[in-house]
Amino acid sequence: MPTYRHRHRPRSLYAALLASTVIAGITTPPAQAQVSTAANQYQFSIPSQALGNALAVFARQTGLRLAYPASLVTGKTAAGLSGTYDHESGLSALLSDTGLLYDVTVSGTVSIYAADEAPIPGLAEGTLLLDAITVTGRGGGEAYDAYSNYEQPASIVYKDAEEIERFRGTSVGDFLKGEAGVLNGDNRNSGALDVNVRGMQGQGRVPVVIDGSFQESTVYRGYSGIAGRTYLDPDLIGSMSIEKGPSSGADANGATGGIMRVSTLKPDDIIKEGETQGVRLKLGVSSNSTTVPDTFTVGAGSGGDERFDRPATLEFGDSWNGSLAVAQKFGNFELLAAYARRKAGNYFAGENGDGPDNDGLNRFNLGEEVLNTSQDNTSNLLRGIYTWGNGHSIDASYMRYESDFGELMPSQIIRFGTGWQSPLSYVEVDTATLRYNWNPEDNDLIDLKADVYYTLNITSINTAYGFDPRFPGFYFSYASEAEQFGLNVSNTSRLDMFGRELTLNYGVSGKKEYIRPPSDVESYIPDDYPYVQLDGEIRDGWRQEASAFIAANYAITDTLTFDGSLRYSNMRSYDNNTRSTYVDDGNGGLTREDVHTKHDGGGLAPIVSLIYEPIEGLQFYGKYAESYRAPSLFESTEGWSAGPSPTYDLQPEHARNKEVGINFQTDDLLNSGSLFRAKLAYFDNDIDNYITRGDYPTGGSGFVNLDHARMKGWELSLGFDTGRFFGDLSASKYTNTEFCSADGQCSSGGSDNGYVHLHVPPKTSASLVLGGRFLDEALELGARVTHIGERASFDYAGITGGVSRAVNWDPYTTVDLFGSYKINDQMTFDFGIDNVSDAYYMDSLTIGLMPSPGRTVRLGLTTTF
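A brief report on the enclosed structure follows.

Procedures and definitions
Residues numbered from 1 in each chain as written. Predicted model: local features only at pLDDT ≥ 70, side-chain atom pairs only at ≥ 80, totals over all residues. Heavy atoms only, no water. Helix = DSSP H or I, 4+ residues; strand = E, 2+ residues; numbered from the N terminus. Expected span 1.5 Å × (residues − 1). Buried < 20%, exposed > 50% of the residue type's maximum accessible area, 1.4 Å probe, protein only. Salt bridge = Lys/Arg side-chain N within 4 Å of Asp/Glu carboxyl O. Pairing = 2+ DSSP bridges. Disulfide = S-S within 2.5 Å. Patch = residues over 30% accessible without salt bridge, like charges linked within 9 Å, V, L, I, M, F, W, Y side chains within 5 Å. Areas by Shrake-Rupley, 256 points an atom, 1.4 Å probe, with all protein chains shown as cover. Axes fitted to C-alpha atoms, helices over the stretch in contact; angles between N-to-C directions. Phe/Tyr/Trp six-rings, centres within 6.5 Å; stacked < 30°, edge-to-face > 60°. Parallel < 35°, antiparallel > 145°, perpendicular 65-115°, else oblique. Contact = heavy atoms within 4.5 Å. Nonpolar A, V, L, I, M, F, W, Y, C, P; charged D, E, K, R; others polar.

**Quick notes on helix α2 (residues 51-62)**
Phase 1 of the analysis: With 12 residues, α2 extends 16 Å from end C-alpha to end C-alpha; this agrees with the ideal 16 Å at 1.5 Å per step.
Phase 2 of the analysis: Here α2 lies mainly inside the structure; 11 of its 12 residues are buried.
Phase 3 of the analysis: For α2, every residue scored as buried is listed here: Leu-51, Gly-52, Asn-53, Ala-54, Leu-55, Ala-56, Val-57, Phe-58, Ala-59, Arg-60 and Thr-62.
Phase 4 of the analysis: Of the residues one or two after α2, Gly-63 is the one with positive phi, at around 80°.

So, in structure tokens, the structure goes:
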């Protein structure tokens, strides 16, 4: 989606600056605009404050793009700027007595650097040498930043590595906590991401795209249904954005709920400005955990005293993480290698609250060790970037993720008095990507991007069962192998139409994926467990999809901007397994045969938006967006939980989403030089032919289409930053949830025996972050308060879960503290206390009765050199 306040998208040099530095310029003049001593005069009233904030105010008032390393301005104070100045004299005055100078690059970007930096030999005066690199959000998605949510006709979540570290929590999905309309489903199992955006979740509705690649897999969760899984280590994330609702990006085919784009670490994330090599070492520990006990150890209220042997608040040792990243520049080639280890034992539930309901069922108690919550992860990343000629670059990467993690079927927590420690499950994911970009400086018609990726995911879910007393050590192993190949190609052309810039983005995408039993499936039976049964219904099939799209952005007037796109998509799938069904025998009768299920479908989906900006910083917008999602590979193949019917015409989901909203931002609130931003959005998501598990009209059950699913609600985002103090507020409220079957039966909470009820979000939620910077910004302290209300509907929900009913969690409020101290230019100490009040609660969207972590202290040290 084009950036509306930026009338001209940056070229390759600016892309490099954006990816490797702090970009202070938010509004951008047309392409031909340069810094001029006589072009414009501005009236400034910027008080003395932190230099970084003063530069941000200056950039927004003048429309300049300023680029500088964050470390360059840390601890520096601007004397202030008052009066009438042009671009150059104003910036020179603002930088006076700071020891900093600036240069203007060939693209018009202003580079700020230390006065003692020597000029680079062989370059013209005023030129900054930076290699062009890839920017997060390729293929139609923008390189979003913290301001994007407040200047787009859509709702955006953005987090950089610093914010992810601040709120990393205990489980991988904890860094998403507190964002309006965004949750992570089944957050306390497996250490994976299963992102829920405005009630849409799983089966590619909200894909997680990592450096242009997809790797989502689906796992069986017993009677409770299924869960989506995407795996990555937070230490390897450079930045992350979530675009809510359908997107015009090449990578967004089928994304009916939204799309999460992740950029892993790049060499410029590690190498300091002006250097050619860099090293980053991160170490961390956390409390409130213990070593995983022996397999089949009983817990969940039925275990012994050792299950309540909780360590002291500041007792560490069972949960730790560490990563090492090394990067080097060799002229036009950059190389990064990173290794990350993360080990966490079973955590303990909080001790304050009502605890489990007194219903006689087996559940974890206050302060008890929550079995099957451990993780033991290893990640590797190798990434190389090569640039040459007039705007050419190749970005190649390989990432491997391995994890042994705890997991137990929700039904086993509440049945047979067991709730025991299950054998650890295992996953390994290999991902390779190759990304090409050609963006010549002298040609506005070419900004070509091409991504090719490959993913291999091998999963073995091991879960203990207690339903047969003859076999006390009995467990199932659900093993599968998923493989994906994909391609995304897009080009952006900028044309002049009636004196205004018309931006066109167009391209194609394609993907083929397979699911099958692992070739060495028997190896998943451990020798020391005599009662093991392999999943006898492993899915086996393939699916392919292709799409073509075109998107346009045009400023109709100085205050009105249009954005639109059109996408055609098509999907085919084939199930290698068969299903016995009655078919026409050719003589007017029926005969029973084993039939392979096939699907074929797609459609044409438009997106249209308008944004009206009557005054600088105030915007009104409206957006209508459609998207088709054909049945996923899981929904197209036979296996545990549910399968398709060869005789049922399963249709693609068709989302028709509406959103209207108001954006406001200013960098000089009440003439104080303070940053302030606000967004109020109303959304109405209507999805025809929603796919879930259900009963067929002719008998039996499997994947069916609901007539429609609908979610409506409001979201609010506020933020401020005075330099000394900062804060953010996000809140959401659902006004309506509705799910109607094909026969006209409607419910606000899902469908009987389906999956959709597992995705119904809380009716209300809110999160407030307040913090301050002290000791010349070396010390940062803050707190976050998060409140999650009750489910938006109690239909198809119960107090226990574990069957075909969702867990009806109790409303809860948590308080988290965070802090960071910059010891010197090379070393930073981070600390945090999650769940300060030690509350006993269960996360929203949890599938099983697994309480969340109690009070947990986190300590971290980051060293760069």
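**Quick word on the pattern of salt bridges**
Phase 1 of the analysis: In this structure the tally under the stated criterion is 51 salt bridges.
Phase 2 of the analysis: Between Glu-351 and Arg-310 there is a salt bridge whose closest N-O contact spans 3.0 Å. Of this pair, Glu-351 sits in the loop between β22 (346-347) and β23 (375-388) while Arg-310 sits in the loop between β19 (289-290) and β20 (319-330), and the two are 41 residues apart along the sequence.
Phase 3 of the analysis: Of the charged contacts, one joins Asp-376 and Arg-341 as a salt bridge, the two residues approaching to 2.5 Å between their closest N and O atoms.

**Side note on the pairing of strand β14 (residues 217-220)**
Phase 1 of the analysis: With burial as the criterion, each face of β14 is covered, one bearing Ser-217 and Val-219 and the other bearing Thr-218 and Tyr-220.
Phase 2 of the analysis: Across 4 bridges, the pairing between β14 and strand β15 (residues 226-229) is antiparallel. Across the sheet, residue Tyr-220 finds its bridge partner in β15, namely Ile-226.

**Quick notes on the state of the cysteines**
Phase 1 of the analysis: Counted by the stated rule, this structure contains 1 disulfide.
Phase 2 of the analysis: A disulfide bridge connects Cys-740 with Cys-746, and the sulfur atoms are separated by 1.9 Å. Because the torsion about its S-S bond is 110°, the bridge between Cys-740 and Cys-746 counts as right-handed.
Phase 3 of the analysis: Taking relative accessible area as the criterion, Cys-740 reaches 4% and is therefore assigned buried.

**Observations concerning the sheet that holds strand β12 (residues 200-201)**
Backbone-to-backbone hydrogen bonds pair the strands of a sheet. The strands run either parallel or antiparallel.
Phase 1 of the analysis: What the 3 strands build is an open sheet, ordered β10-β11-β12; its pairing is antiparallel. In this open sheet, the two strands that pair with only one neighbour each are β10 (182-184) and β12.
Phase 2 of the analysis: Sheet topology note: the β10/strand β11 (residues 195-197) ladder contains 3 bridges and is antiparallel. Each bridged residue has a counterpart across the sheet, and for Val-182 the counterpart in β11 is Val-197.

**Focus on a nonpolar patch on the surface**
Phase 1 of the analysis: Residues Tyr-386, Trp-388, Ile-394, Leu-434, Val-452 and Leu-487 make up a contiguous nonpolar surface patch of roughly 480 Å² in combined accessible area.
Phase 2 of the analysis: We classify Trp-388 as partly exposed; its relative accessible area is 30%.

**Side note on the sheet that holds strand β13 (residues 208-210)**
Phase 1 of the analysis: Taken together, 4 strands build an open sheet; the order of strands is β9-β16-β17-β13 and the sheet is mixed. In this open sheet, the two edge strands, each paired with only one partner strand, are β9 (156-160) and β13. Sheet twist, expressed as the mean angle between neighbouring strand axes with direction ignored, is 15°.
Phase 2 of the analysis: For β9 and strand β16 (residues 237-244), the ladder comprises 5 bridges, and the chain directions are antiparallel.

**A closer look at the packing of aromatic side chains**
Two aromatic rings are characterised by how far apart their centres lie and by the angle between their planes.
Phase 1 of the analysis: All chains considered together, the criterion is met by 22 aromatic pairs.
Phase 2 of the analysis: On the basis of an interplanar angle of 25° and a centroid distance of 6.3 Å, the ring pair of Phe-330 and Phe-333 is categorised as stacked.
Phase 3 of the analysis: With a relative accessible area of 48%, Phe-330 lands in the partly exposed category.
Phase 4 of the analysis: Consider the rings of Tyr-454 and Phe-485, whose centres lie 5.0 Å apart with planes at 50°: the pair is tilted. Placement of Tyr-454 in strand β26 (residues 448-464) and of Phe-485 in strand β27 (residues 475-497) is noted, with a sequence separation of 31 residues between them.

**Quick word on the packing of α2 against helix α4 (residues 87-95)**
Phase 1 of the analysis: Packing of α2 against α4 leaves a shortest axis separation of 11 Å and a crossing angle of 170°. Here α2 lies roughly antiparallel to α4, going by the angle between them. Note on element contacts: α4 touches α2 through His-87, Gly-90, Leu-91, Leu-94 and Leu-95, opposite Leu-51, Ala-54, Leu-55, Phe-58 and Thr-62.
Phase 2 of the analysis: Considering only residue class, the contact of α2 with α4 consists of 7 nonpolar, 3 polar and no charged.

**Things to note about the pairing of strand β36 (residues 691-695)**
Phase 1 of the analysis: Counting buried positions along β36 yields 4 of 5 residues, so the element is predominantly enclosed.
Phase 2 of the analysis: Two strands pair when backbone bridges link them, and β36 and strand β37 (residues 701-705) are joined in this way by 5 bridges, in the antiparallel orientation. Paired with Thr-692 across the strands is Val-704, a residue of β37.
Phase 3 of the analysis: Between the antiparallel neighbours β36 and β37 lie 5 residues, among them Gly-699 with a positive phi of about 105°.

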